[in-house]
Number of protein chains: 4
Amino acid sequence: MNTFGNIFRLTTFGESHGPALGGVIDGMPSGIHINLEKIQAQLRRRRPGQSSIVSPRNEPDEVQILSGLLDGVTTGAPIGFTIPNTNTNPKDYDEMLHTYRPSHADYTYAAKYGIRDHRGGGRSSARETVARVVGGSFAAQALDFLGIKVYAYTSTVGNITLNAPYTHYDPALIDSNPVRCPDPDTAERMIALLNRVKSAGDTVGGIITGVIKGCPPGLGEPVAGKLHAQLAAAMLSINAAKGFDYGMGFEGAGRLGTEMIDTFTVENGRIHTRTNHSGGIQGGISNGQDIYFRVAFKPVATLLRDVSTVTDTLQKTVLHARGRHDPCVLPRAVPVVEAMAAMVILDNWLLAKTSHM
Amino acid sequence: MNTFGNIFRLTTFGESHGPALGGVIDGMPSGIHINLEKIQAQLRRRRPGQSSIVSPRNEPDEVQILSGLLDGVTTGAPIGFTIPNTNTNPKDYDEMLHTYRPSHADYTYAAKYGIRDHRGGGRSSARETVARVVGGSFAAQALDFLGIKVYAYTSTVGNITLNAPYTHYDPALIDSNPVRCPDPDTAERMIALLNRVKSAGDTVGGIITGVIKGCPPGLGEPVAGKLHAQLAAAMLSINAAKGFDYGMGFEGAGRLGTEMIDTFTVENGRIHTRTNHSGGIQGGISNGQDIYFRVAFKPVATLLRDVSTVTDTLQKTVLHARGRHDPCVLPRAVPVVEAMAAMVILDNWLLAKTSHM
Amino acid sequence: MNTFGNIFRLTTFGESHGPALGGVIDGMPSGIHINLEKIQAQLRRRRPGQSSIVSPRNEPDEVQILSGLLDGVTTGAPIGFTIPNTNTNPKDYDEMLHTYRPSHADYTYAAKYGIRDHRGGGRSSARETVARVVGGSFAAQALDFLGIKVYAYTSTVGNITLNAPYTHYDPALIDSNPVRCPDPDTAERMIALLNRVKSAGDTVGGIITGVIKGCPPGLGEPVAGKLHAQLAAAMLSINAAKGFDYGMGFEGAGRLGTEMIDTFTVENGRIHTRTNHSGGIQGGISNGQDIYFRVAFKPVATLLRDVSTVTDTLQKTVLHARGRHDPCVLPRAVPVVEAMAAMVILDNWLLAKTSHM
Amino acid sequence: MNTFGNIFRLTTFGESHGPALGGVIDGMPSGIHINLEKIQAQLRRRRPGQSSIVSPRNEPDEVQILSGLLDGVTTGAPIGFTIPNTNTNPKDYDEMLHTYRPSHADYTYAAKYGIRDHRGGGRSSARETVARVVGGSFAAQALDFLGIKVYAYTSTVGNITLNAPYTHYDPALIDSNPVRCPDPDTAERMIALLNRVKSAGDTVGGIITGVIKGCPPGLGEPVAGKLHAQLAAAMLSINAAKGFDYGMGFEGAGRLGTEMIDTFTVENGRIHTRTNHSGGIQGGISNGQDIYFRVAFKPVATLLRDVSTVTDTLQKTVLHARGRHDPCVLPRAVPVVEAMAAMVILDNWLLAKTSHM
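All of these numbers come straight from a predicted model, not from anything done at the bench.

1. Quick word on the overall build of chain A
Line of reasoning, step 1. When helices and strands are counted, chain A shows eight helices and 18 strands.
Line of reasoning, step 2. Over its C-alpha trace chain A gives a radius of gyration of 21 Å, about what one expects of a compact globule, namely 21 Å for 357 residues.
Line of reasoning, step 3. On the principal axes, the C-alpha backbone points of chain A span a range of 65 × 50 × 35 Å.
Line of reasoning, step 4. For chain A, restricting intrachain contacts to residue pairs at least 6 apart in sequence, the fraction spanning at least 24 positions comes to 69%.

Structure representation (structure tokens):
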């Protein structure tokens, strides 16, 4: 299964060290003028080689749009696109031909398919997310017309955490530093930690916070397609993601109802809640308040040191990773989280049109 | 959208105070002998009125199977079923006809559909999950043939938490107490807390831990249908659920790669991991180790005290809830978590058959 | 797979001789006032025992709506419903327990599932279509608001055929006779044929013509969801259906382009075609002209005479059908064709809302 | 909607005069060795410029596979591919910028999307089917392992028809002539007709017969996914297709049950039918006999003469087609019919694995 979404659907293809990655966007509403430079800008935020704290693999990640646009405007036809791989080193992976890297998907792909592409993780590589950023940028450009804005930022790296809620931080500062944390002091500490971890051949996990502003009430499907359940599935489809919560989330599980209730009021002739512990969604349907959520990422599993493992013939062995890797996925995962959120919201905006005549 | 699943699909219908709830199970594999008493036993674990710490609504929740079985064996035909509502008090909800209950789905349903069933939350009521328990029990009975076992338990209520990992607790003790916590001492403290909260007209949240044992390697779809993403969507579709993580989850986001790597070894001629920080899934595909996860639930939003709110004509008002409610959803949500997990695993077991010829 | 549709979805369940049939309608737009008597009227047109030329099985086919309506208005919630079986004679089918009826689905169900419900064809019985008539009537009542009308009639029985196009016949006359042919003289000849065939213990096939009037331009999905392809799949899902064509169909395959081109003109400020050889659809999308199509049905396979066949242990044997059967499916299939067409059109009307913002 | 299939899914993209067409094959079973030359051979059978009776547009139609293969073997990962357009003449279509070609999809696309790609029909061009031939060839190569063979041939052009059933003709002769009719004498007459029609600036319709041999019993889903309904939807998604029937189809609608019943017998320890009026499918599920079907195609709508039409501002005008066109789609549609059939059968073979444990 390589297709996301219900009405707005993205199908992706491609492996880390094949000729190209790409995808098909289906269900893109017609009549939207697309700014290709905006897509490329998001791709640059995700590309490797953008800073010293990410993988040095040098990929320009230039997208080629093959269909679906006429003079830059969406026609309703599917949008096929490719992003060529230019800096592949398949030889780096000869050692993994018969050896399973621990905490990677090598063994599980082999168990499922009886065959696996061992070159840089093949299909299981996070390089696949390049296609999602393209899809997400198309979605975001449609959401622009509706006044809906999506952004995300790094809120935790290892034991360094932003303690205040998202309302405390200025999204304009997210890209003021390579770790994409909107608090410059905290960002500096995070970068220092990443440099230490990298020097030690180690890696570290973290948390990304996502925010959706301007989402109208009424998006999301009750029961089997709750908006937050769709967001969760989208976020947990990102490589290395291990957890999702929204609103007060896990923290709210420890609270009383009297602490958590979001009472209603009326402002400017519209219904609002006085607080937003719920995170903008009630009963799986948006209520018009900000939607905010967290995504937990594990540390990257590739350690630049010896790890004990096994081969596909069940021999014990030791592997020393080569290849080019990130000490932490978060800086590059920020635009991926934004992309997935934008696609979910546009998809549900379109779906919501069908709930009445 | 009221259908869960890909191959094994459950479609549910019904409202809290309508004549009946029910559903259709499609894609149930043929040839499975179904024990109806096992279904009824799971329904009794979910039913209201089962103990003093849950809603006193008195529903027998007796399921009627209308199709799909021949002499108790599944035929491959869809299984239609109903669970009649017998103890409805629609009058309790007259006050909510034009008033939106805070932190409930009243307003969002109205925003989406322009109409809402105000009687006990209508479709948004957790009563809908009764149909999921039926679907889950069919799935679990199929998984029995494969040696796959699913169980869940209450691991946190408010500020009371089980501190040890799931391996520390005996699942046989889960039902030894009405809160469904496998540690009897902790259970007692949880029950005391629930009684205090209930007396105060308040409610409290908590966390359920789910465990899947005996799942073979190779289940789950890469990229758009990762096994944990499907589990997350399933769990977050349960009423009041606010968060999901699996393996080390949010806690693991603070760790180093060297602390988290699950190195491989060989035992009895099969590949195993020495640790299981990953939670049994790598790259979205099961690896044969135990799958374990957590689901966070917010406190029930119905407080037995005055709450300020608004009407559907934007008038401010005060609402005092009547009706019959749970001080905490967790005891009754345990079989629902189990049901959703069983359906996801069976669905993916069937799907995995299609990945090769 | 027991679910029809994309946005408006009908899932059906039930067997010929089980306790009940039924279904769930999902994606019904909210705010539509439903006239239950209209549903019942369509069910009466489909029910057995309605005339001497159909099966004498005596079923009232009274539908029970279990959810999704509030004071008769759709709420957007799924509509669960059941139709009890009241006149079952499972003993009639003891002979078929181990014997496959020729040209029925007995053998193919056994081949697929390893088990089959032998009582009246079980799930493969045309009795399943009772649930489709309910779904279709909900759809038709929504289409009423849009001014879209669907009707169908018997245009061929055996060698007796209406020779003129649909525009020649008055739909008000369709139900003036039990065979549902809008030409009373032809109807009389068809009925005479059916009586002769029935007396001989034989059966006969025929063709139903369907017409959709008032369909706006723009419905249908290009490439993989062409409107006529969706109609074809819907019609060929009806029991005994063997063929579908639309517009000039098979006859047009023998023609020249100059005979078949539908040139455009402007009437009352709107684009029309001078002729309608295309049948109201071009490139898979409706063009605002009438949509018309034909569905071919084979003769019922149950003959009231000895037929040679085999058992499930590969023994040759002779079967003499008992049970109650139709000499021709067409009179009762007319409302089923209408139901399927109404569901396809409403589904695509809702889907078309998502093609632009 | 640009995705075909349930488990084996093909998503296509691309326009007639854009940079490239292509697609993504998802759900291709792993472990199948793919012969790229076989794909190219099928593409050559579909390509324009292959003979004097088809469009002279000169396209090599060379497919580039971008993912999903490792050393020529499928890995279970999605297969992305492109087919560049090399011989585009968008200027030929300037005249159609504001004018709707009659009996084409120009007006309906504009009605649906508010915008259309006027260059050679854009997305509605039959050039899109090039991607289906690629998908179909992957499917056919998987079916080869199962001993299932699919073939199609031209059985009618205009008023020239093969009168005998498919069993009478040798599939090895299909490609012995450019019209792909397995009877050389009839082929000669068809070609003469096509040349006359072409000289007159006219076009002509026809019928393609498809045959599937070696299909095991048990494929197809009852009720909503009947095998013949899936085949019908697949065939009617092909450009210019107007009708589908299988087995005795429309002809059988005129027959008696006693003429049409396929009685069972046992041969070599397996159940067979003595006749095959049913066309290999009963109750929507294959019975192991040959599946055969017909697809009716209308005459190509592009006439090389003046036709009266309207513009997008509702002005009446006259259009004289330029561009390069086929006098008849059938010779090139034969491999497309084969491709669609192969994909449906493989998809249902995979799906059938999930009906039991």
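2. As for the pattern of salt bridges
Residue and element names in this part refer to chain A.
Line of reasoning, step 1. Per the stated rule, a full pass over the model turns up 80 salt bridges over all chains.
Line of reasoning, step 2. For the salt bridge of R44 with E37, the shortest nitrogen-to-oxygen distance reads 2.6 Å.
Line of reasoning, step 3. For R44, a relative accessible area of 41% gives the class partly exposed.
Line of reasoning, step 4. With a shortest N-O distance of 2.9 Å, R101 and D106 are connected by a salt bridge. In this structure, R101 and D106 share a single accessibility class: buried.
Line of reasoning, step 5. Beyond isolated ion pairs, a larger network of salt bridges with shared partners links R46, R57, E59, D61 and R127.

3. Digging into the interface of chain C and chain B
How large an interface is tends to be reported as the accessible area lost when its parts come together.
Line of reasoning, step 1. Contact residues are listed per partner, giving 34 residues for chain C and 34 residues for chain B.
Line of reasoning, step 2. Carbon and sulfur atoms make up 64% of the area that chain C and chain B hide from each other, which totals about 2600 Å².
Line of reasoning, step 3. In this assembly, chain C and chain B are joined by zero salt bridges.
Line of reasoning, step 4. Element by element, the count of residues in the side of chain C that touches chain B is highest for strand β2 (residues 9-13) of chain C, at four residues.
Line of reasoning, step 5. Classifying every residue of the side of chain C that touches chain B by side-chain character gives 13 nonpolar, 14 polar and seven charged.

4. Quick word on the relation of the copies chain A and chain B
Line of reasoning, step 1. Placing chain A over chain B gives an RMSD of 0.0 Å and needs a rotation angle of 180 degrees, together with 0.0 Å of translation along the axis. Interpreted geometrically, this transformation is the action of a two-fold axis.
Line of reasoning, step 2. The share of interface residues of chain A whose copies in chain B are also at the interface is 100%, consistent with both copies meeting through the same surface.

5. Some thoughts on the packing of aromatic side chains
Line of reasoning, step 1. Following the criterion strictly, the structure yields 31 aromatic pairs over all chains and no others.
Line of reasoning, step 2. Seen from their ring centres, F244(D) and Y246(D) are 6.5 Å apart, and the 25 degrees between their planes marks the pair as stacked.
Line of reasoning, step 3. Pairwise contacts between aromatic rings join Y100(A), Y107(A) and F264(B) into one cluster.
Line of reasoning, step 4. Residue placement shows K112(B) over the ring face of Y113(B); its charged tip is 5.7 Å from the ring centre.

6. Quick look at the relation of the copies chain C and chain B
Line of reasoning, step 1. Between chain C and chain B, which share one sequence, the superposing operator has a rotation angle of 180 degrees and an axial displacement of 0.0 Å; the RMSD is 0.0 Å.
Line of reasoning, step 2. Both copies contact each other with a shared surface, as 100% of the interface residues of chain C are interface residues in chain B too.

7. Quick word on the confidence of the model for chain A
Line of reasoning, step 1. Within chain A, residue pLDDT values average 95, and 99% of them lie at 70 or more.
Line of reasoning, step 2. Scored as a complex, the prediction yields pTM 0.98 and ipTM 0.98.

8. Considerations on the pairing of strand β17 (residues 306-310) of chain C
Line of reasoning, step 1. Examined bridge by bridge, β17(C) and strand β18 (residues 316-320) of chain C share five bridges and lie antiparallel to one another. Residue pairing for β18(C): S308(C) is matched across the bridge by V318(C).

9. Some words on the side chain of S16(B)
All names here are of chain B.
Line of reasoning, step 1. Structurally, S16 is set in the loop between β2 (9-13) and β3 (20-26).
Line of reasoning, step 2. Within polar-contact distance, the side chain of S16 engages the side chain of H17 at 3.4 Å.
Line of reasoning, step 3. Among all residues touching S16, those that are not within four sequence positions of it are R57, N85, T88, R119, G120, G122, S125 and R127.

10. What about the environment of V334(D)?
Line of reasoning, step 1. Mapping V334(D) onto the fold places it in helix α8 (residues 330-352).
Line of reasoning, step 2. Setting aside residues no more than four positions away along its own chain, V334(D) makes contact with R45(D), A152(D), Y153(D), T154(D), R180(D) and I208(D).

11. Structural notes on the interface of chain A and chain B
Line of reasoning, step 1. Contacts between the two partners involve 100 residues from chain A, matched on the other side by 101 residues from chain B.
Line of reasoning, step 2. For the chain A face of the interface with chain B, the top three residues by lost area are M1(A), K112(A) and K242(A), together amounting to 11%.
Line of reasoning, step 3. At the junction of chain A with chain B, the criterion picks out two salt bridges.
Line of reasoning, step 4. Residues E221(A) and K112(B) are paired through a salt bridge, measuring 3.2 Å at the closest nitrogen-oxygen approach.
Line of reasoning, step 5. Seen at the junction of chain A and chain B, the total is 38 residue pairs in polar contact (both at pLDDT 80 or more).
Line of reasoning, step 6. Looking at side-chain class alone, the side of chain A that touches chain B contains 45 nonpolar, 38 polar and 17 charged residues.

12. Section: the packing of helix α1 (residues 36-46) of chain C against helix α3 (residues 129-146) of chain C
Residue and element names in this part refer to chain C.
Line of reasoning, step 1. For the pair α1 and α3, interaxial distance at closest approach is 9 Å and the crossing angle is 140 degrees. In terms of axis orientation, α1 runs oblique to α3. Remark: the crossing between α1 and α3 carries right-handed chirality. Counting all contacts with α1, which are made through K38, I39, Q42, L43 and R46, the residues of α3 involved are T129, V130, V133, V134, S137, F138, Q141 and D144.
Line of reasoning, step 2. For the contact of α1 with α3, the residue count by class is six nonpolar, four polar and three charged.

Cut-offs used in this document
Residues numbered from 1 in each chain as written. Chains lettered and ligands numbered in written order. Predicted model: local features only at pLDDT ≥ 70, side-chain atom pairs only at ≥ 80, totals over all residues. Heavy atoms only, no water. Helix = DSSP H or I, 4+ residues; strand = E, 2+ residues; numbered from the N terminus. Rg over C-alpha atoms; globule rule 2.2 N^0.38 Å. Contact = heavy atoms within 4.5 Å. Salt bridge = Lys/Arg side-chain N within 4 Å of Asp/Glu carboxyl O. Buried < 20%, exposed > 50% of the residue type's maximum accessible area, 1.4 Å probe, protein only. Buried area = accessible area lost by both parts, 1.4 Å probe. Nonpolar A, V, L, I, M, F, W, Y, C, P; charged D, E, K, R; others polar. Least-squares fit on C-alpha atoms with pLDDT ≥ 70 in both. Phe/Tyr/Trp six-rings, centres within 6.5 Å; stacked < 30°, edge-to-face > 60°. Lys NZ or Arg CZ within 6 Å of the ring centre and 35° of its normal. pLDDT = per-residue confidence, 0-100. Pairing = 2+ DSSP bridges. Polar contact = N/O pair within 3.5 Å; in protein donor to acceptor, adjacent residues only side chain to side chain. Axes fitted to C-alpha atoms, helices over the stretch in contact; angles between N-to-C directions. Parallel < 35°, antiparallel > 145°, perpendicular 65-115°, else oblique. Left-handed = near helix turned anticlockwise from the far one by under 90°.

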